[in-house]
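Read off the chains here:
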2 protein chains.
Amino acid sequence: MAVFKKMSPGRFITIGFMTVILLGALILYLPISQNEGAEVAFIDALFTSTSAVCVTGLIAIDTADHFNVFGQTVLGMLIQIGGLGVTSVGVGIIILAGKKVSFKDRILVKEAYNLDSMKGIVKLVKSILYVTLFFETIGTILSFIVFSKDYPPLKALGISLFHSVAAFNNSGFDILGGLRNLIPYQNNVLLNLTTCGLIIFGGLGFFVIKEIIHKRNFKKFTLHSKVVITMTAALLIIGTLTMKLTEDITWLGAFFFSTSARTAGFSTYPVGDFTNAGLFALIILMFIGASPASTGGGIKTTTFFALIRSTISVATNKHCTAFKRKMPNEIIYRAFILTFLSVVLVCIDSFIISILEPQYTFIQILFEVVSAFGTVGLSTGITPDLSVISKLIIIFTMFIGRLGPLTIATIWIFKPLSSVTYSEESITIG
Amino acid sequence: MAVFKKMSPGRFITIGFMTVILLGALILYLPISQNEGAEVAFIDALFTSTSAVCVTGLIAIDTADHFNVFGQTVLGMLIQIGGLGVTSVGVGIIILAGKKVSFKDRILVKEAYNLDSMKGIVKLVKSILYVTLFFETIGTILSFIVFSKDYPPLKALGISLFHSVAAFNNSGFDILGGLRNLIPYQNNVLLNLTTCGLIIFGGLGFFVIKEIIHKRNFKKFTLHSKVVITMTAALLIIGTLTMKLTEDITWLGAFFFSTSARTAGFSTYPVGDFTNAGLFALIILMFIGASPASTGGGIKTTTFFALIRSTISVATNKHCTAFKRKMPNEIIYRAFILTFLSVVLVCIDSFIISILEPQYTFIQILFEVVSAFGTVGLSTGITPDLSVISKLIIIFTMFIGRLGPLTIATIWIFKPLSSVTYSEESITIG
Ligand SMILES: [K+]
Ligand SMILES: [K+]
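Criteria and cut-off values
- Residues numbered from 1 in each chain as written.
- Chains lettered and ligands numbered in written order.
- Predicted model: local features only at pLDDT ≥ 70, side-chain atom pairs only at ≥ 80, totals over all residues.
- Heavy atoms only, no water.
- Donors = N, O, S within 2.8 Å, 3.2 Å for Na, K, Ca; no water.
- Helix = DSSP H or I, 4+ residues; strand = E, 2+ residues; numbered from the N terminus.
- Core = buried A, V, L, I, M, F, W, Y, C linked by side-chain atoms within 4.5 Å.
- Buried < 20%, exposed > 50% of the residue type's maximum accessible area, 1.4 Å probe, protein only.
- Contact = heavy atoms within 4.5 Å.
- pLDDT = per-residue confidence, 0-100.

(A) Broad picture of the coordination of the potassium ion (ligand 1). All names here are of chain A. The potassium ion (ligand 1) binds to the protein through Val55 (O), Thr56 (O), Asn170 (O), Thr263 (O), Ala264 (O), Thr375 (O) and Val376 (O), with metal-donor distances spanning 2.4 to 2.8 Å. Written as a sequence motif, the donor arrangement for the potassium ion (ligand 1) is V-T-x113-N-x92-T-A-x110-T-V. With Thr56 in the loop between helix H3 (42-53) and helix H4 (63-66) and Asn170 in the loop between helix H9 (153-168) and helix H10 (189-204), the pair connects residues that are 114 residues apart, well separated along the chain.

Now the structure itself:
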């Protein structure tokens, strides 16, 4: 354990996620998890496990067609562990067992949720568990009203529970079979709105949910919550209008896709039939993603806000403020670096897969890569037929997308900032 | 003239470019510029003029097939004005006429070339004119050796002169006819290398050329020149390897495309036949573009360097240095803002044109838009058949690409930085 003691929190969390993914892959690979006669290659078991733990929902093989109730339960647990985060689950188990949470564990939670201090971390983990349980119970009840019409009670309950967990954790998985996702329910208003509600709250992040519950007054919220709520609302509206403009779908469908693309990844219409413009709009939404400390991925709404706000401030020659607060330069700098890393990752992936899979159009490949990076799970339908190397690239991308490219990029830091200084010299830009 | 006196240099330069483009469009629209029987719509005259003044080289109609010697001469002059910059040409004319260059004009040159001070601006403009004349003369002589084998002497001289001006100004225009560009000469080593030489020197920027001529020792160069030369060499090598990897072309062809994509826009193979991976690699090269204060476009090599270097410095937790000099935060900040603005422009354009032109694949449209933004001029061949609105979007994009999105974005600034201050509050990123 001496090795672990020396480890930075970032590295510890990374290894934790990897371990859960590999364990999940092994269990899903065993015949005990699979339907009779189902043939599951190891790469597809690994793909499924990664997709579940990274709450993505890209599927190389249909869940219900290949995995039995045991396998589906394992999958549900992997999604829940992935959604809460390996760390929170670990700390949660310690709390439930009535043991004391060590200093080391507190640091891990602090790192996992990008917290500034370690004040009240145990309380935080507890409230995360309560909030999750609360939303998932409501979601299960509402979904059950829909599914109980089409399935026998016990099966409907299972489907409802799985769906509710999948939706709140923004995972996009379904156990309805036949790679159809929620297409059979595209006009069911109750299921659409329940799913959207779970997705939106799951994607706000726990701090924002907590502030909404406790303060109830927008003006009293922290800058973080104000930005998250404003951006979420703006993106939902713009996304809905855009999808309605480019695709021949209902307003309900447009709203659903606008919600789902920002990392849930459920679909109520076949994405493979969408226009290039619609696919591109979804790519942008997927890339932006949900909000920090949530179950969602992407560069995050706050990062996108920082990019836009700082650009406007340069264009208008005004200070970079938001809701009458100045945003620190440090934060804006990090936002740009994070976005640049993400773009580079998406570009390199798309380039390599374009070479490996010349049979697909570029936008199909770009869509798949951004979906993996944003841990979204939408697909034009190319996932099952990808080559092994392409699947490995997608697995790698989901993993980086879930942990954040900045976490991965800074994982190798051993030394503190060097103190060698150089004189400053400018270069001409643009 | 009172209106002009109040104008910021950025706005003055913008209006200067616009005026030249409109004048050019009108002249090219007149029958006097056109071959007998050629039918040129006004949108195509405007497109051609914009493409020439913005040294892009995208063509909606073939130059030699539609414009006569007079029209081609006008086009050559538009390219030369666009390449030197409206300001330098104006100041150059003043100098040639033996008049004194006013303070106002000096400020314009300072702004046009992103200079820090106004020291020696007249000397600068003079040396720019000399350098241009020098390279274009050498280029004409070397091209003449090639073209004189296929054309009668006078016509060969005209073609050589036009080609040399087009290449040094990174404009990508040809007057060989039939929309073939340089494809007939794909294996002519002398013409390939002459063209690449003109493109590379034209794309380095005048300061770097001046430093190479005067100092001759890399170690003594300014940080700016070191970065430009290193990035140019690195991008040429990486680009050549990438094109050889993805396309079935010769090494000469791969080197030519690697050179040409970073804003010249000549082609020796039909780009429409390239693979998705090859097109995407070209898109990245086109987006990065040439170096500042040169005839090239794109976000510029120095900007790209700042993005990479600052990202590496965050990932390794080290100071952001280059060649033992610290890079100012201000510069890195500007680099990110400029890149973000460029990405937003490319995305919005691609989205709108995807809606307007559903018959083309997404990568064809993205390629066209980035080619316009980087003032490159390569195309998969869709330019002539674009709708009028799409052509207007491309015209608009070439214009912004030539002047720089930051110049355009800051053109509306009237007031100095406001002094209202707010307290600082952080948000969580990524
Ligand atoms: K998802
Ligand atoms: K060009």
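Still to come is the rest of the account.
(B) How the structure looks around the nonpolar core. In this structure, A:Phe257, A:Ile394, B:Phe257 and B:Ile394 are the most contacted members of the largest nonpolar core, which totals 237 residues. Element by element, the count of residues in this core is highest for helix H16 (residues 329-356) of chain A, at 12 residues. Dropping the residues within four chain positions of it, A:Phe257 is found in contact with A:Met243, A:Ile249, A:Phe266, A:Ser267, A:Thr268, A:Tyr269, A:Val271, A:Phe274, A:Leu282 and A:Leu378.

(C) Region of the structure containing the confidence of the model for chain A. Residue and element names in this part refer to chain A. Taken over all residues, the pLDDT of chain A has a mean of 83, while the share at 70 or more is 83%. The least confident element of chain A is helix H1 (residues 2-6), whose mean pLDDT is 50; the most confident is helix H17 (residues 362-373), at 94. On the interface metric, ipTM, the complex scores 0.86, and its pTM is 0.88.

(D) Geometry of helix H13 (residues 251-261) of chain A. All names here are of chain A. Of all 11 residues that make up H13, nine are buried, and the element is covered over most of its length. All buried positions along H13 are accounted for by Leu252, Gly253, Ala254, Phe256, Phe257, Ser258, Thr259, Ser260 and Ala261. Elements in contact with the buried residues of H13: H10, helix H12 (223-246) and helix H14 (276-288).

(E) Up close: the coordination of the potassium ion (ligand 2). Residues and elements named next belong to chain B. Here the potassium ion (ligand 2) is held by Val55 (O), Thr56 (O), Asn170 (O), Thr263 (O), Ala264 (O), Thr375 (O) and Val376 (O), and the distances to it run 2.4 to 2.8 Å. Along the chain, the residues that donate to the potassium ion (ligand 2) are spaced as V-T-x113-N-x92-T-A-x110-T-V. With a gap of 321 residues between them, Val55 in the loop between helix H3 (42-53) and helix H4 (63-66) and Val376 in the loop between helix H17 (362-373) and helix H18 (388-403) connect regions that are remote in the sequence. Side by side, Val55 and Val376 carry an identical accessibility label, which is buried.

(F) Inspection of the side chain of A:Thr339 at higher detail. All names here are of chain A. As for its position among the elements, Thr339 is in helix H16. On the accessibility criterion, Thr339 (10% relative accessible area) is buried. Setting aside residues up to four positions removed in sequence, Thr339 forms contacts with Phe287, Ile299, Thr303 and Leu307.

(G) Representation of unusual backbone geometry. Residues and elements named next belong to chain A. Residues other than glycine seldom take positive phi values, yet Thr263 does so here, at roughly 95°. Tracing the backbone through its elements, the reader meets Thr263 in the loop between H13 and H14. One non-glycine residue, Lys300, lies in positive phi territory at about 90°. If you trace the backbone, Lys300 turns up in the loop between H14 and helix H15 (301-316).

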